[in-house]
Amino acid sequence: MYHHRLIVSYKGTNYFGWQDLGQSVDKSTIQGSIQQVLNKICKYQACTVASASRTDAGVHAQGQVVKITIALAIESEKLLLGMNSLLPDDIRVLQCKPCTTSFNPNKDSKSKEYHYYFCTDTVYNPIFNDIITHIPSDNKMGLLDIELMQEACNLFIGEHDFYSFAKRDTKMESTVRIIISCEIMQAEFSIFGNNIYYLKVVGEGFLRHMVRYIAGALFALGKKQLSLSDINEALTQHKEEKVSARAKSKGLHLICISY
């Protein structure tokens, strides 16, 4: 068997997330699309596809790391060209290199970086309608308090129990995770809108929906629906109820993974 390490970019709008759901479920996934292409290239010989992150439905990626194992002896450059010629336009292999048998894209990763993009313009550019979340100003609340949201970002940095910021998973042994950095930055998209920002979160690992719940809490805080103490309490106490609703999936982007 031959092993290759890929960097894959995709727009997740038309897909039911990363993970292949099997032939019994009639929903397109990123993993399933890649698997179908490999089946054609390898003439239906055995092949496997494993990723570093199982992104949810509607979530996008610039730097998803994928390991493929195939029975066909083929140069990485030719494999990249062959895959991209067959993949749909919203999925692309950016890089393909040989890797070891032992390489595990998820367990071997040191950190993952996610961005959550949002726009606060009263009317925002429809070009971004499926990759940026629109959070318009409210006549009563005014614009989001970005400075307060930035202050709250500091609360998430370090080791915390993110039980109240993740989807329940009985198989998960621990909900404690380490966040390396968390900040809100203004995006350089001024030609398309004046008030486009993104939440940048880098962590050693993430729970399911964790970044979206963090973003949702920050949006609620920015609208004065939550306080800093509410967020701090959710991080320090093992509460069943969520501190806020989770943000929409379309604003979330997996940017890169470090090894």
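What counts and how
Residues numbered from 1 in each chain as written. Predicted model: local features only at pLDDT ≥ 70, side-chain atom pairs only at ≥ 80, totals over all residues. Heavy atoms only, no water. Helix = DSSP H or I, 4+ residues; strand = E, 2+ residues; numbered from the N terminus. Buried < 20%, exposed > 50% of the residue type's maximum accessible area, 1.4 Å probe, protein only. Contact = heavy atoms within 4.5 Å. Areas by Shrake-Rupley, 256 points an atom, 1.4 Å probe, with all protein chains shown as cover. Lys, Arg positive; Asp, Glu negative; His and termini not counted. Charge placed at Lys NZ, Arg CZ, Asp CG, Glu CD. Phe/Tyr/Trp six-rings, centres within 6.5 Å; stacked < 30°, edge-to-face > 60°. Lys NZ or Arg CZ within 6 Å of the ring centre and 35° of its normal. Salt bridge = Lys/Arg side-chain N within 4 Å of Asp/Glu carboxyl O. Expected span 1.5 Å × (residues − 1). Polar contact = N/O pair within 3.5 Å; in protein donor to acceptor, adjacent residues only side chain to side chain. Axes fitted to C-alpha atoms, helices over the stretch in contact; angles between N-to-C directions. Parallel < 35°, antiparallel > 145°, perpendicular 65-115°, else oblique. Left-handed = near helix turned anticlockwise from the far one by under 90°. Nonpolar A, V, L, I, M, F, W, Y, C, P; charged D, E, K, R; others polar.

Caption draft 1: Up close: the overall build of the protein chain. Summing up its helical and strand segments, the protein chain has five helices and 10 strands in all. Along the first, second and third principal axes, the C-alpha atoms of the protein chain reach 60 × 45 × 35 Å. The buried share of the protein chain, reckoned over its 259 residues, is 50%. For the protein chain, long-range pairs separated by at least 24 residues make up 71% of all intrachain contacts whose partners lie at least 6 apart in sequence. Accessible area for the protein chain stands at about 13,400 Å²; split by element, carbon and sulfur atoms hold 49% of it. Charged side chains of the protein chain number 28 positive and 26 negative; the gap between the two group centres comes to 7 Å.

Caption draft 2: Looking closely at the packing of aromatic side chains. Under the definition given, this model contains 10 aromatic pairs. When the centroid spacing of 5.1 Å and the interplanar angle of 35 degrees are considered together, the rings of Tyr117 and Tyr198 count as tilted. A residue pair is termed long-range when its members are at least 10 positions apart, and Tyr117 in strand β5 (residues 111-119) and Tyr198 in strand β9 (residues 196-203) qualify at 81 residues. Tyr117 sits in the buried class, given a relative accessible area of 13%. Judged by relative accessible area, which is 13%, Tyr198 ranks as buried. Considering the side-chain rings of Phe118 and Phe219, the 4.9 Å spacing of their centres and the 70 degrees angle between planes classify their relative orientation as edge-to-face. Of this pair, Phe118 sits in strand β5 while Phe219 is found in helix α4 (residues 210-222), placing the two residues 101 residues apart along the sequence. A single burial state applies to Phe118 and to Phe219, both of which are buried. Put simply, the rings of Tyr116, Phe118, Tyr197 and Phe219 pair up and form one aromatic cluster. When the ring centre of Tyr163 is taken as reference, the NZ or CZ atom of Arg168 above it lies at 3.9 Å.

Caption draft 3: Spotlight on the side chain of Glu113. Structurally, the position occupied by Glu113 is in strand β5. When near neighbours in sequence (up to four residues on either side) are disregarded, Glu113 contacts Lys200, Val201, Val202, His253, Leu254, Ile255 and Cys256.

Caption draft 4: Expanded view of the pattern of salt bridges. Per the stated rule, a full pass over the model turns up six salt bridges. Across the salt bridge formed by Asp130 and Lys11, the nearest N and O atoms sit 3.2 Å from each other. Here Lys11 lies in the loop between β1 (2-10) and α1 (30-41) and Asp130 lies in the loop between β5 and β6 (133-134), a separation of 119 residues in the sequence. Exposure remark for Asp130: the relative accessible area of 17% places this residue in the buried category. Lys11 gets classed as partly exposed once you look at its relative accessible area, which sits at 37%. The network of salt bridges with shared partners includes Asp56, Arg208 and Arg212.

Caption draft 5: Molecular detail of α1. Across its 12 residues, α1 extends 17 Å between first and last C-alpha, which sits within 8% of the 16 Å expected from 1.5 Å per residue. Extensive coverage of α1 is indicated by the burial of 10 of its 12 residues. Along α1, the positions that sit buried rather than exposed are Ile30, Gln31, Gly32, Ser33, Ile34, Gln35, Val37, Leu38, Asn39 and Ile41. The inward-facing, buried residues of α1 abut β1, β2 (47-51), β3 (60-70), α2 (76-86) and β4 (91-98). N-cap assignment for α1: the residue whose side-chain oxygen lies 2.9 Å from the backbone N of Gly32 is Thr29.

Caption draft 6: A look at the packing of helix α3 (residues 146-156) against helix α5 (residues 228-236). At their nearest, the axes of α3 and α5 sit 10 Å apart, and the two run at 15 degrees to each other. Of the possible angle classes, the one that applies to α3 and α5 is roughly parallel. Between α3 and α5 lies a crossing whose hand is right-handed. Between α3, through Leu148, Glu151, Ala152, Leu155 and Phe156, and α5, the contact on the second element is made entirely by Leu228, Ile231, Asn232 and Leu235. Tallied by class, residues from the contact of α3 with α5 come to seven nonpolar, one polar and one charged.

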